[in-house]
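Geometric and topological summary
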Amino acid sequence: MNTIVATEALARHPEWRVFDCRHDLGKPELGEQLYGQSHIPGARYAHLDRDLSAPKTGKNGRHPLPDPATFIAWLGAQGLKPADQVVCYDGGNGSMAARLWWMLRWVGHDAVAVLDGGFAKWTKEGRPVTAEVPAFAATEYPGKVRAGMAVDADHVLRNLGKQAVVDARAPVRWRGEKEPIDPEAGRIPGSLNRFNSDNLTPEGVHKGAAELRKEFETLLGGRPAGEVAHSCGSGVAACHNLLAMEIAGLKGGKLYAGSWSEWIADPARPRERG
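This report concerns the structure included in the present document.

**Thoughts on the side chain of Arg 105**
Note on placement: Arg 105 falls in helix α4 (residues 95-106). For Arg 105, the side chain forms a polar contact with the side chain of Glu 246, separated by 3.2 Å.

**Regarding the nonpolar core**
Grouped together as the largest cluster of nonpolar side chains are 50 residues, with contacts concentrated most on Phe 71, Leu 100, Trp 102 and Leu 104. Counting residues per element, the ones that place at least two in this core are α3 (68-77), β4 (86-89), α4, β5 (112-115), α8 (209-220) and α9 (237-247). In this structure, Leu 100 is in contact with Phe 19, Cys 21, Ala 46, Leu 52, Phe 71, Trp 74 and Cys 88, ignoring residues within four places of it in sequence. The next biggest cluster of nonpolar side chains, apart from the first, holds 15 residues, and it includes Ala 9, Trp 16, Ala 43 and Tyr 45.

**Digging into the side chain of Ser 261**
Residue position: Ser 261 is located in helix α10 (residues 259-263). By relative accessible area, which is 10% here, Ser 261 ends up buried. Within polar-contact distance, the side chain of Ser 261 engages the backbone oxygen of Gly 233 at 2.8 Å. Among the polar contacts listed, one links the side chain of Ser 261 to the backbone oxygen of Gly 258, at a separation of 3.2 Å.

**Structural notes on the sheet that holds strand β2 (residues 17-20)**
Reading across from one edge, β1-β5-β4-β2-β3 is the order of the five strands in this open sheet, with parallel pairing throughout. Bordering the open sheet on either side are β1 (4-5) and β3 (43-45), each of which pairs with just one other strand. Where β2 lies against β4, four bridges are found, and the strand directions are parallel. Across the sheet, Val 18 pairs through a bridge with Val 87, a residue of β4. In the packing of helix α2 (residues 30-37) onto the sheet, contacts are made with β2 and β3, and the angle to β3 comes to roughly 150°.

Here is what the cut-offs are and how they apply
Residues numbered from 1 in each chain as written. Predicted model: local features only at pLDDT ≥ 70, side-chain atom pairs only at ≥ 80, totals over all residues. Heavy atoms only, no water. Helix = DSSP H or I, 4+ residues; strand = E, 2+ residues; numbered from the N terminus. Polar contact = N/O pair within 3.5 Å; in protein donor to acceptor, adjacent residues only side chain to side chain. Core = buried A, V, L, I, M, F, W, Y, C linked by side-chain atoms within 4.5 Å. Buried < 20%, exposed > 50% of the residue type's maximum accessible area, 1.4 Å probe, protein only. Contact = heavy atoms within 4.5 Å. Pairing = 2+ DSSP bridges. Axes fitted to C-alpha atoms, helices over the stretch in contact; angles between N-to-C directions.

Taken by themselves, the reported measurements are silent on function.
This is the structure we're talking about:
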């Protein structure tokens, strides 16, 4: 399982490793509090700010990628083994879970999938939850970063007009009409908009591969999937689009993890609105 997995499948495999990625950008402590109250049995908690991001400097965005060695050590502390099938979930549209999905692949762990429909679907179906925190013996996880999966701000700047940038934020943010999180509204010049919530059906599960492929191919207009840099506000929702393109069979897209929140930290970088 390396893209999405159904709740039915997870229920049949209690031996799979599960990570709860619930997080609220406005209340960063809420996800962990909810995890402490109830979570899918066997799940450990992955905190977006603490476990899946590096410390902020004011110039590297709101959720910069952590040092790979630090992240790999965290995986070992969770007791992860290379042969483990991992399932990630969150309490929203899957963006937080997709961040961990992407990061695990980034360090070489391919057997990882996002729970389709997340915690909401799991509980709606009346499946079991627990407050018990599982214990796993620590391991020495042998991860190694795969080159070429991520790009930085300099790469994006050098390739403006040559490489497609797909922005996962809501259209009003992409157009620069409203910015509820970052101090400046707008977008990276020339970027295309694919609101990541559009990857889901009204029922909150992912659209089928054929539908996703058609929508992304229309957006890209013939641009190769492997040349796309994915952006958003801080490198989280962008992972949801990377997941959707993987489901669609459009592989090789890159993550610009710094995204808009890093881009605007340098006043010399160009902006666009409208």
